[in-house]
Each structure stands twice: as C-alpha cells, then as structure tokens.
Amino acid sequence: MIKIVLATSNKHKVDEINSVSMPFGVEFVLPDKNFNPIEDGSTFEENSYAKALAAAQCESSERKYFMADDSGLCVDFLNGAPGLKSARYAPSAQERIEKLLGALKDAKENQRGAKFVCSLVLIDKTGKILNKTFGTCKGKIAHSKSGDGGFGYDPIFVVENKNVTMAQLSEEEKNLVSHRGRALMDMLMWIKCSDLK
C-alpha cells in the first residue's frame, strides 16, 4: 500500500478519495497538524502545487509523496466566479450557497450553466512535480437546495444529463461523474503504472 499525504485538513475529503483509491493500493492520509498553506496562485494548478508543497514542508515523518487538489465552481452568469475563491466566497457553506443563489436571482434558465473543476498535483518531498491531472463536471445551478449528500455547493449543482444535484447522488455515483473523481481516476491510473513505492 502506497501512502500519500493529501494536502487538506478536511477528513471528509480524505475519506471520499480513499473510497476510490484503496483498490488501487493507494491510501491517503492527513498532513501534520501545522499544515497551513497559502493559496495565492492565479490558477487552480498553482494553488494545488502550493498546498502540496506546504504539506511536504510541514511533514515531520518519512512520507515520500504529497498530493493536493484545488477545486472550484465556475458559473457562466458570473463570468467564471466564484472560481478560485469558491471556498472563500462566504464564511460558511450555507452562506456560500445563499450568496450564490442571490447572485443568480436575475439569471435566465439558460444562463445558469456551471462547471466544477479540479486540479490534482502529485509531488515528492523535494517539491518535484511527479504528475498532474485535471477533471471537470458540467451542469447548472438549481434554484434551491436538494439532497443531503456531499458537501460545499453539491446541493445546488445539477449534474449534466442526470437531472439531480450532486448531493442527491450516492458516493459511488458521485465518484464516477465528479470533477475530483475524474481527476483522481487519471492520477490513480498513472500511479498504478508508475514505479512509486
């Protein structure tokens, strides 16, 4: 089993990713408690790398590999916002949803298109990039919340060709269609074919 530090303090994210990665012989673990990245990149990839590097620099163990994701929601009507600031759009998940729905109150139905994006970067202890992947999931923003699964904007994101929100999907269904699931699958396939030990 290859153990990789996932540059996040969100245990739910680690559990969600491990549900996909374990059959590939890859287990993700939380970084040391002093993990405190500065996300000041101008792209999702730059932020992913910054987080992975922060995890590598704070890790006191003998861990060799570090992976980070930077994800966001890009809404057509808002010219791609909240984008890089998705997690900082408002203080709490509920407030972020309320703010977004408020910003779309004048949007016509055909202007509510949106996509989730995810950039994954895998580095070694020295900061060298070993691999990077990118995943997207298209859909639209609903008028109100539906479903109690997932987290973040999932309850208001209607998945393209599904007619349900991300929060209404099972964990298995979400992993198949989500931006993170797609980027992760590409990363896991690369790890499986690489010589990481």
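From a predicted model like this one, the values you see are computed outputs, not experimental measurements.

**Overview of the UniProt feature "active site" (unreviewed entry) in the chain**
Turning to step 1, where the next piece is worked out: Here, UniProt's "active site" (unreviewed entry) annotation points to Asp 70.
Turning to step 2, where the next piece is worked out: With respect to the helices and strands, Asp 70 occurs in strand β3 (residues 65-75).
Turning to step 3, where the next piece is worked out: Ignoring anything within four residues of it in the chain, the contact list for Asp 70 reads Glu 39, Phe 44, Asn 47, Ser 48, Lys 51, Leu 84, Val 117, Cys 118 and Ser 119.

**As for the layout of surface pockets**
Turning to step 1, where the next piece is worked out: In this structure, the largest pocket encloses a volume near 600 Å³.
Turning to step 2, where the next piece is worked out: Lining the largest pocket are 27 residues, and of these Lys 13, Ser 71, Ala 87, Phe 151 and Arg 180 lie nearest its centre.
Turning to step 3, where the next piece is worked out: Here the lining of the largest pocket gets five residues from one element, more than from any other, and that element is β3.
Turning to step 4, where the next piece is worked out: Of the residues in the lining of the largest pocket, the class split is nine nonpolar, eight polar and ten charged.

**Examining the environment of Glu 95**
Turning to step 1, where the next piece is worked out: Structurally, the position occupied by Glu 95 is in helix α3 (residues 93-103).
Turning to step 2, where the next piece is worked out: A relative accessible area of 37% means that Glu 95 is categorised as partly exposed.
Turning to step 3, where the next piece is worked out: Along the chain, Glu 95 and Arg 63 lie 32 residues apart, while their C-alpha atoms are 37 Å from each other.

**Notes on the pattern of salt bridges**
Turning to step 1, where the next piece is worked out: Applying the stated criterion to the full structure yields twelve salt bridges.
Turning to step 2, where the next piece is worked out: Of the charged contacts in the structure, one is a salt bridge between Glu 16 and Arg 180, with a shortest N-O distance of 3.4 Å. Linking Glu 16 in helix α1 (residues 11-21) with Arg 180 in helix α5 (residues 179-193), this pair joins segments that are 164 residues apart in sequence. In this structure, Glu 16 and Arg 180 share a single accessibility class: buried.
Turning to step 3, where the next piece is worked out: Two residues, Glu 109 and Lys 140, come together in a salt bridge whose shortest N-O distance is 3.9 Å. In this pair, Glu 109 is assigned in the loop between α3 and β4 (113-124) and Lys 140 in strand β5 (residues 129-141), connecting sequence segments 31 residues apart.
Turning to step 4, where the next piece is worked out: Among the residues examined, Glu 109 registers a relative accessible area of 44% and is labelled partly exposed.

**Re unusual backbone geometry**
Turning to step 1, where the next piece is worked out: The step from Ala 81 to Pro 82 runs through a cis peptide bond, and the omega angle for that step is -5 degrees.
Turning to step 2, where the next piece is worked out: You can see Pro 82 is positioned in the loop between β3 and α3.
Turning to step 3, where the next piece is worked out: Unlike most non-glycine residues, Asn 79 shows phi in positive territory, near 55 degrees.
Turning to step 4, where the next piece is worked out: Position of Asn 79 relative to the elements: it lies in the loop between β3 and α3.
Turning to step 5, where the next piece is worked out: Taking the relative accessible area as the measure of exposure, Asn 79 reaches 77% and is therefore exposed.
Turning to step 6, where the next piece is worked out: Notably, Asn 161 is not glycine yet its phi reads approximately 65 degrees, a positive angle.
Turning to step 7, where the next piece is worked out: Looking at where Asn 161 falls in the secondary structure, it is placed in the loop between β6 (157-159) and α4 (171-177).
Turning to step 8, where the next piece is worked out: With relative accessibility at 78%, the residue Asn 161 sits in the exposed group.

About the thresholds
- Residues numbered from 1 in each chain as written.
- Predicted model: local features only at pLDDT ≥ 70, side-chain atom pairs only at ≥ 80, totals over all residues.
- Heavy atoms only, no water.
- UniProt positions renumbered as here; feature names shortened; annotations may be inferred.
- Helix = DSSP H or I, 4+ residues; strand = E, 2+ residues; numbered from the N terminus.
- Contact = heavy atoms within 4.5 Å.
- 1 Å grid on protein atoms, 1.4 Å probe; cavity = no way out; pocket = protein on both sides within 12 Å on 5 of 7 lines; lining within 4 Å.
- Points joined across faces, edges and corners; volume = space filled by probe spheres on them.
- Nonpolar A, V, L, I, M, F, W, Y, C, P; charged D, E, K, R; others polar.
- Buried < 20%, exposed > 50% of the residue type's maximum accessible area, 1.4 Å probe, protein only.
- Salt bridge = Lys/Arg side-chain N within 4 Å of Asp/Glu carboxyl O.

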